[in-house]
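Examining the three-dimensional arrangement
Chain by chain, the residues:
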Amino acid sequence: MLKAFTQHPETVGETYFEHLVSASGYAATMAAGAVACLLHGIFPFAFQASGSRRIRELHHRMVTHRTAGKTRGEPGLTGWCPEI
């Protein structure tokens, strides 16, 4: 049972709690981007680049983290988001 909580974080070179913090950061960034996109839909003059900027930021963070983990000799992203 405990393996279910640690198996995926280990594949990205993180402990359970490191993964929790990292995923929470991604979630907060996505939530802020979602609010900006919704407000942009209502007010087209506002937040014109916020959604795409958040996507670029998230992509950069994920790719940088993935590369950093591999250079430290830690496991790569095997099994990362297999449900997609």
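Keep in mind the model is a prediction, meaning the values are calculated, not measured. (Residues numbered from 1 in each chain as written. Predicted model: local features only at pLDDT ≥ 70, side-chain atom pairs only at ≥ 80, totals over all residues. Heavy atoms only, no water.)

1. Observations regarding the overall build of the protein chain
Along the protein chain, the regular secondary structure elements total three helices and zero strands. Going residue by residue from the N terminus, the α and β elements of the protein chain occur as α-α-α. In the protein chain, which comprises 84 residues, the proportion classed as buried is 18%. (Helix = DSSP H or I, 4+ residues; strand = E, 2+ residues; numbered from the N terminus. Buried < 20%, exposed > 50% of the residue type's maximum accessible area, 1.4 Å probe, protein only.)

2. Topic: the confidence of the model for the protein chain
Mean pLDDT over the protein chain: 81, with 76% of residues reaching 70 or higher. By mean pLDDT, the top-scoring element of the protein chain is helix α2 (residues 16-42) (94), and the lowest-scoring one is helix α3 (residues 50-71) (77). Of the regions scoring below 50 in pLDDT, residues 70-84 engages in 18 contacts with residues more than four places distant in sequence or in other chains. (pLDDT = per-residue confidence, 0-100. Contact = heavy atoms within 4.5 Å.)

3. Points about the packing of aromatic side chains
Counted under the stated rule, the structure contains three aromatic pairs. On the numbers, 5.1 Å between centres and 85° between planes, the contact of Y16 with F17 is edge-to-face. Here F17 falls in the exposed class, since its relative accessible area comes to 60%. Here the aromatic residues F5, Y16 and F17 are joined through ring pairs into a cluster of three or more. (Phe/Tyr/Trp six-rings, centres within 6.5 Å; stacked < 30°, edge-to-face > 60°.)

4. As for a nonpolar patch on the surface
Together, M1, L2, F5, Y16, F17 and L20 make up an exposed nonpolar region whose accessible area comes to about 730 Å². Tracing the sequence through the fold places Y16 in helix α2. Y16 gets classed as partly exposed once you look at its relative accessible area, which sits at 34%. (Patch = residues over 30% accessible without salt bridge, like charges linked within 9 Å, V, L, I, M, F, W, Y side chains within 5 Å. Areas by Shrake-Rupley, 256 points an atom, 1.4 Å probe, with all protein chains shown as cover. Salt bridge = Lys/Arg side-chain N within 4 Å of Asp/Glu carboxyl O.)

5. Structural notes on the pattern of salt bridges
Scanning the model with the defined rule gives two salt bridges in all. With a closest N to O distance of 4.0 Å, E10 and K3 form a salt bridge. Where R61 meets E57, a salt bridge forms, and the shortest distance between an N and an O atom there is 3.6 Å. Separated by four residues within a single helix, R61 and E57 lie in helix α3, roughly one turn from each other. Of the residues examined, R61 reaches a relative accessible area of 29% and is grouped as partly exposed. Under the relative-accessibility criterion, E57 is labelled partly exposed at 31%.

6. Observations concerning the environment of A27
By secondary structure assignment, the location of A27 is in helix α2. Given a relative accessible area of 40%, A27 falls into the partly exposed group. Separated by 31 residues in the primary sequence, A27 and L58 have C-alpha atoms spaced 9.9 Å apart.

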